[in-house]
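# What the coordinates show
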Amino acid sequence: MKKTKELGFATRAIHSGQEPDPLTGSVTVPIYATSTYVQQGIGENKGYEYSRVSNPTRARLEQNLAAIEGGVAARVFASGMAAINAIVSMLKQGDHVVCGNDLYGGTPRLFNQVMAGFGLEFSYVDTSQAENVERAVRKNTRMVYVETPTNPLMRLTDLAAISEICRRKKVAFVVDNTFMSPYFQQPLALGADLVVHSTTKFLNGHSDGLGGVVVCAKQEHADKLAFLQKAAGAILSPFECWLILRGVKTLAARMEIHDRSGRIVADFLAKHRKVKTVFYPGLADHPQHALAKRQMSGFGAMITFETGSLKNANRMLKKVRVCSLGESLGGVETLISHPATMTHAALGPKGRKAIGITDGMVRISVGIEDVDDILDDLDAALKAI
Ligand SMILES: *Cc1c(COP(=O)(O)O)cnc(C)c1O
């Protein structure tokens, strides 16, 4: 498998970095459960010295994820948050970051409650309007950090437009691509410098392990992040790396079903008399539907809808049987969450109000069960309202 760039997505997902083991021919990558490596002499080794620095299972996963996201290299970390932490650890005291104002709740928590204490500065703007980003860039801005579609409001950011601003202003452009996965959205091809994923979600896809990855367009960033793996140590264990290598093999197949069922569930909710509003970029009345069609090759499985009140949300969430109430997303099972009390609790009522997250909002990550069972379950649960 040499010329990986010319192969299709599903082929790269299954074969890049996953070549048969040279020692035994094993079709799956072995789990190298080792902390250290015997050296042949002083300074003589087989490329591995200590597993915080590098590990063969991890190296194969990093090769695989770089190939499917279209980067020069990838670095994996112990969780999505550890990956985001590594990205901002490349900055220095006094540096400024322009961020989207509707990010995964844990990201502003890290930025405001940890990183700001080390002298990094963050501003939050609605990145769905590119001019807001341009206006927020200052002399000390080093990075623009966005998520698209956002969580939970499913607002889009025009990646090509922000890339152009970042190139002109000479700042790094970072995109959290967790919601779409590389199967439906390729930010590096649109000019981003770094793509981050919580692999916990669609990439691993089976809700059985945490992980994070940063995929880099430039070797310079890949080198800095490799240094941070070694210096700060938030690396992913060989077993977790293996789980993701296993999960990624079915990414293309899973995403096709997630997307197909996502569209069906969104249409169903949009027509349901108990549902007030549906936020899904695949619906023709989504304000950025045209951008969604241009920038993404599918609409995905993430849908947010308005039940009208906290009481209504709680009534329906208590009734679901096929869908499970829980944090997280992107697994084979349908997961439903309540942003105001779960993922976005840390923002507080004021913070949520400022960006439009209400107490009645419910977010669904449509799984790959039979879609009719998901629809029946939602219909029965909505009757409780
Ligand atoms: C879950 C998530 C994260 C954090 O990832 P963990 O693996 O839970 O640390 C970051 N960004 C998005 C969009 C997420 O959904």
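Here's what I pulled together on the structure shown here. (Residues numbered from 1 in each chain as written. Predicted model: local features only at pLDDT ≥ 70, side-chain atom pairs only at ≥ 80, totals over all residues. Heavy atoms only, no water.)

### Section: the site of the ligand
By nearness alone, 13 residues border the ligand, and Gly-80, Asp-176, Ser-198, Thr-200 and Lys-201 come closest of all. Separating an oxygen atom of the ligand from a side-chain N or O atom of Ser-198 is a distance of 2.8 Å. Thr-200 is positioned with one of its side-chain polar atoms (N or O) 2.7 Å from an oxygen atom of the ligand. When the ligand is considered free in solution it has 380 Å² of accessible area, and contact with the protein chains removes 94% of it. (Near = heavy atom within 4 Å. Polar contact = N/O pair within 3.5 Å; in protein donor to acceptor, adjacent residues only side chain to side chain. Areas by Shrake-Rupley, 256 points an atom, 1.4 Å probe, with all protein chains shown as cover.)

### Side note on empty space enclosed by the protein
Tallied over the entire structure, the rule returns one cavity of 30 Å³ or more. Estimates place the volume of the largest cavity at around 40 Å³. Taken together, Asn-101, Asp-102, Val-125, Asp-126, Thr-127, Ser-128, Thr-150, Arg-155, Leu-156 and Thr-157 form the lining of the largest cavity. Tallied by class, residues from the lining of the largest cavity come to two nonpolar, five polar and three charged. (1 Å grid on protein atoms, 1.4 Å probe; cavity = no way out; pocket = protein on both sides within 12 Å on 5 of 7 lines; lining within 4 Å. Points joined across faces, edges and corners; volume = space filled by probe spheres on them. Nonpolar A, V, L, I, M, F, W, Y, C, P; charged D, E, K, R; others polar.)

### Focus on the sheet that holds strand E4 (residues 141-147)
Across a sheet, paired strands are connected by hydrogen bonds in the backbone, their directions being either parallel or antiparallel. Strand order in this open sheet of seven strands is E1-E7-E6-E5-E4-E2-E3, and the pairing throughout is mixed. Sheet topology places strand E1 (73-77) and strand E3 (121-125) at the edges, where each strand pairs with a single neighbour. Across the sheet, the axes of successive neighbouring strands diverge by a mean angle of 20°, strand direction being ignored. Pairing of strand E6 (residues 194-198) with strand E7 (residues 212-216), which is carried by five bridges, proceeds in the antiparallel orientation. Directly across from Val-195, in E7, lies its bridge partner Val-215. Here helix H2 (residues 56-69) sits on the sheet and contacts E1, E6 and E7; the angle it forms with E1, its principal contact strand, is near 125°. Those strands touched by helix H4 (residues 106-113) are strand E2 (96-100), E3 and E4, and its axis lies near 145° from that of E3. (Pairing = 2+ DSSP bridges. Helix = DSSP H or I, 4+ residues; strand = E, 2+ residues; numbered from the N terminus. Axes fitted to C-alpha atoms, helices over the stretch in contact; angles between N-to-C directions. Contact = heavy atoms within 4.5 Å.)

### Some points on the pattern of salt bridges
In this structure the tally under the stated criterion is 11 salt bridges. The partner of Glu-121 in a salt bridge is Arg-138, with the nearest N and O atoms 2.7 Å apart. Remark: Arg-138 occurs in the loop between helix H5 (130-136) and E4 and Glu-121 occurs in strand E3; sequence separation between them is 17 residues. Note that Arg-263 and Asp-259 form a salt bridge whose closest N and O atoms lie 3.0 Å from each other. With a gap of four residues between them, Arg-263 and Asp-259 both fall in helix H10 (residues 251-271), about one helical turn apart. Judged by its relative accessible area of 33%, Arg-263 falls in the partly exposed class. Several salt bridges converge on common partners, so that one network encompasses Glu-134, Glu-164, Arg-168 and Lys-169. (Salt bridge = Lys/Arg side-chain N within 4 Å of Asp/Glu carboxyl O. Buried < 20%, exposed > 50% of the residue type's maximum accessible area, 1.4 Å probe, protein only.)

### Describing the sheet that holds strand E8 (residues 278-279)
Read from one edge of the open sheet, five strands run E8-E9-E12-E11-E10, paired in mixed fashion. One side of each edge strand has no neighbouring strand; the edge strands of this open sheet are E8 and strand E10 (324-325). The sheet contact formed by E10 and strand E11 (residues 335-337) spans two bridges and is parallel. What sits directly across from Leu-325, in E11, is Ile-336. Relative to the sheet, H10 contacts E8 and strand E9 (302-306), its axis offset from that of E9 by approximately 10°.

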